[in-house]
Amino acid sequence: MKAIIYEQFRGTLSIQNVNDPKPKPHGVVVKVAAAGLCRSDWHGWMGHDPDIKLPHVPGHEMTGIIEELGKEVKLFKKGDRVTVPFVCGCGSCPQCSSGNHQVCDQQSQPGFTHWGSFAEYVALDYADTNLVKLPEQIDDITASILGCRFITSFRAVVDQGKVEKGQFVAVHGCGGVGLSAIMIANALGAQVVAIDINEDTLCLAKELGAAITINAKSNEVIPSIQSVTMGGAHVSIDALGSQDTCFNSISSLRKRGRHIQVGLMTGDHQHPKIPMDQVLAKELEIVGSHGMQAFRYPKMLKMITDGILKPQRLIEKTMSLEDAISALPSMNKFEHSGALVINSF
């Protein structure tokens, strides 16, 4: 098969012909129809993920058709059209037994723990636990951006944030995760405040449901949020993952507010300053959110098929596997407001 490969972190990406993957007894091989290009892929290429062994094929968001089945797979068949969350659970560890596959003790992640979806075929483990059949109404390109940014935002807003109608929700960073969170929170009836440094991105945030936008380059973020929300956000989401956005998110909450950390904290940003005096005095909650379980997909998919959520509006551009060679190293430049999708292999 053809696949994008890098042999050194921050090194050259190339398309190579490599052996097709084989399914494990509990797994499948999927013929990739479309694959989302995400900033997490950039983090992997940079060397920020210790699970990656070189040489490596990136890519963790996808949709496709099951090509081969392991002998232990019971719930799926060859030809099924499927997607998968970027965190795949083993189905049997204590975390999975409690329903928390997103923090599985033996989790596998395509594009990180093993070769990913920037290829004609990808192997996926523990198929019966992790695969999700797709309704016909959702096309391949739209489905390909659900597996990381959209499900992560859905769980952050719905399950971890517990957002309710009428609440003020602040979203710090309007990349793929942030824009998804804005759309989802707006669909739940929240009043969304979008914060970013790019005016074009803030315009898109408004189109997707933000009631208020704040440009962090030209405004003091914390007092601005406290002013427009009349005392602070009920729920605040750091969708970027930086020292500044994390601090601002927590500091701009109202009493008993909830901060959701979604953006990856890497490099110098791993241990941010936290206003613990405010956490104590205001009884604030700090909550992490990491992916979403496959069994939680049906509620989200129904909202999509019912037209309540429209993730297709997040898609900016489709491209070939060859185009992705130059697009991946540039992900940290934030040159694109919407999602990029590989749909030509």
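See the structure printed just above.
The model shown is predicted, which means the values in this text are computed figures rather than measured ones.

*Asks:* Could you give me a rundown of the overall build of the chain, with the residues and numbers involved?
*Replies:* Within the chain one finds 12 helices and 15 strands. The C-alpha atoms of the chain give a radius of gyration of 20 Å, which matches the 20 Å a tight globule of 345 residues would have. For the chain, the C-alpha atoms occupy an extent of roughly 55 × 40 × 35 Å along the three principal directions. A buried classification covers 57% of the 345 residues belonging to the chain. Relative to all contacts within the chain whose residues are 6 or more apart in sequence, the contacts with residues 24 or more apart total 72%. Total accessible area computed for the chain in this model is approximately 14,500 Å², and 49% of it derives from carbon and sulfur atoms. Between the mean site of the 32 positive side-chain charges and the mean site of the 35 negative ones, the chain shows a separation of 5 Å.

*Asks:* Would you mind going over the packing of helix α5 (residues 146-160) against helix α11 (residues 297-305) in detail, with residue names and values included?
*Replies:* Geometrically, a packed helix pair is captured by the angle between its two axes and the distance between the axes. One way to put it is that α5 packs onto α11 with a least axis distance of 11 Å and a crossing angle of 100°. Classified by the angle between their axes, α5 and α11 sit roughly perpendicular to one another. Packed against α5, whose contacting residues are Leu146, Gly147, Phe150, Ile151, Phe154 and Val158, the element α11 presents Tyr297, Lys299, Met300, Leu301, Met303 and Ile304 at the interface.

*Asks:* Any chance you could break down α5 for me, citing the residues and the numbers?
*Replies:* A rise of 1.5 Å per residue sets the reference length of α5, with its 15 residues, at 21 Å; its end C-alpha atoms lie only 18 Å apart and thus fall more than 12% short of the reference. Taken across its 15 residues, α5 has 15 buried, putting it largely inside the fold. Of the residues trailing α5, Lys162 is marked for its positive phi of about 50°.

*Asks:* Tell me about the environment of Thr142, and please be specific about residues and values.
*Replies:* Within the element layout of this structure, Thr142 appears in helix α4 (residues 140-143). For the pair Thr142 and Val169, spaced 27 residues apart in sequence, the C-alpha to C-alpha distance is 25 Å. With residues up to four places along the chain from it excluded, the contact list for Thr142 reads Pro311, Gln312 and Ile315.

*Asks:* I'd like a description of the pairing of strand β1 (residues 2-6), backed by residues and values.
*Replies:* Moving residue by residue along a regular strand, the side chains alternate between the two faces of the sheet. Among the 5 residues that make up β1, 4 are buried, leaving the element largely enclosed by the rest of the structure. Examined bridge by bridge, β1 and strand β2 (residues 13-17) share 5 bridges and lie antiparallel to one another. Residue Tyr6 lies in a different strand from β2, and its bridge partner there is Leu13. Count of turn residues in the β1/β2 antiparallel hairpin: 6 residues, of which Arg10 carries a positive phi of about 65°.

*Asks:* Let's hear about the pattern of salt bridges: which residues, and what values?
*Replies:* Under the defined criterion, the tally for this structure stands at 10 salt bridges. The salt bridge involving Asp140 is made with Arg81; its shortest N-O contact spans 2.7 Å. Linking Asp140 in helix α4 with Arg81 in strand β5 (residues 81-83), this pair joins segments that are 59 residues apart in sequence. When its relative accessible area of 28% is taken as the criterion, Asp140 is described as partly exposed. For Asp306, the salt bridge identified is with Lys302, shortest N-O distance 2.6 Å. One salt-bridge network, in which partners are shared between bridges, spans Lys77, Asp80 and Lys133.

*Asks:* Break down a nonpolar patch on the surface for me, citing the residues and quoting the values.
*Replies:* Together, Ile274, Met276 and Ile286 make up an exposed nonpolar region whose accessible area comes to about 270 Å². By secondary structure assignment, the location of Ile274 is in the loop between β12 (253-261) and α10 (276-281). Overall, Ile274 belongs to the partly exposed group, its relative accessible area being 37%.

*Asks:* Any chance you could break down the packing of aromatic side chains for me, citing the residues and the numbers?
*Replies:* Evaluation of the coordinates by the stated rule reveals 1 aromatic pair. Here Tyr6 and Phe9 contribute two aromatic rings whose centre-to-centre distance is 6.3 Å and whose plane-to-plane angle is 55°, an arrangement assigned as tilted.

*Asks:* Please give an account of the side chain of Asn215 that cites residues and values.
*Replies:* Mapping Asn215 onto the fold places it in strand β10 (residues 212-215). Looking at Asn215, the relative accessible area reads 11%, which means it is buried. A polar contact is formed between the side chain of Asn215 and the side chain of Glu199, at a distance of 2.8 Å. Residues within four places of Asn215 in sequence aside, it is in contact with Asp196, Ile197, Glu199 and Leu202.

*Asks:* Hey, could you go over the nonpolar core for me, with residue numbers and the actual values?
*Replies:* Ranked by internal contacts, the top residues of the largest apolar core, which has 49 residues, are Phe150, Ile182, Ile237 and Met300. Counting residues per element, the ones that place at least two in this core are α5, β8 (168-172), α6 (176-187), β9 (191-196), α7 (199-207), β11 (233-238), α11 and β15 (339-344). Residue contacts for Ile237: discarding those within four places in its chain leaves Val157, Val169, Ala170, Val171, His172, Ala181, Ser249, Ile260 and Val262. Core analysis: the second largest hydrophobic core is formed by 33 residues, Ile4, Val73, Val84 and Leu131 among them.

*Asks:* So, the sheet that holds β8: which residues are in play, and what are the values?
*Replies:* Spatially, the 6 strands line up as an open sheet ordered β10-β9-β8-β11-β12-β13, and their pairing is parallel. One side of each edge strand has no neighbouring strand; the edge strands of this open sheet are β10 and β13 (285-288). If you compare each strand with its neighbour and ignore which way they point, the axes differ by 20° on average. Where β12 lies against β13, 4 bridges are found, and the strand directions are parallel.

*Asks:* Break down the environment of Ser330 for me, citing the residues and quoting the values.
*Replies:* Take Ser330: it is sitting in the loop between α12 (321-327) and β15. In terms of polar contacts, Ser330 uses its side chain to reach the backbone carbonyl oxygen of Ser326, at 3.3 Å.

Parameters at a glance
- Residues numbered from 1 in each chain as written.
- Predicted model: local features only at pLDDT ≥ 70, side-chain atom pairs only at ≥ 80, totals over all residues.
- Heavy atoms only, no water.
- Helix = DSSP H or I, 4+ residues; strand = E, 2+ residues; numbered from the N terminus.
- Rg over C-alpha atoms; globule rule 2.2 N^0.38 Å.
- Buried < 20%, exposed > 50% of the residue type's maximum accessible area, 1.4 Å probe, protein only.
- Contact = heavy atoms within 4.5 Å.
- Areas by Shrake-Rupley, 256 points an atom, 1.4 Å probe, with all protein chains shown as cover.
- Lys, Arg positive; Asp, Glu negative; His and termini not counted.
- Charge placed at Lys NZ, Arg CZ, Asp CG, Glu CD.
- Axes fitted to C-alpha atoms, helices over the stretch in contact; angles between N-to-C directions.
- Parallel < 35°, antiparallel > 145°, perpendicular 65-115°, else oblique.
- Expected span 1.5 Å × (residues − 1).
- Pairing = 2+ DSSP bridges.
- Salt bridge = Lys/Arg side-chain N within 4 Å of Asp/Glu carboxyl O.
- Patch = residues over 30% accessible without salt bridge, like charges linked within 9 Å, V, L, I, M, F, W, Y side chains within 5 Å.
- Phe/Tyr/Trp six-rings, centres within 6.5 Å; stacked < 30°, edge-to-face > 60°.
- Polar contact = N/O pair within 3.5 Å; in protein donor to acceptor, adjacent residues only side chain to side chain.
- Core = buried A, V, L, I, M, F, W, Y, C linked by side-chain atoms within 4.5 Å.

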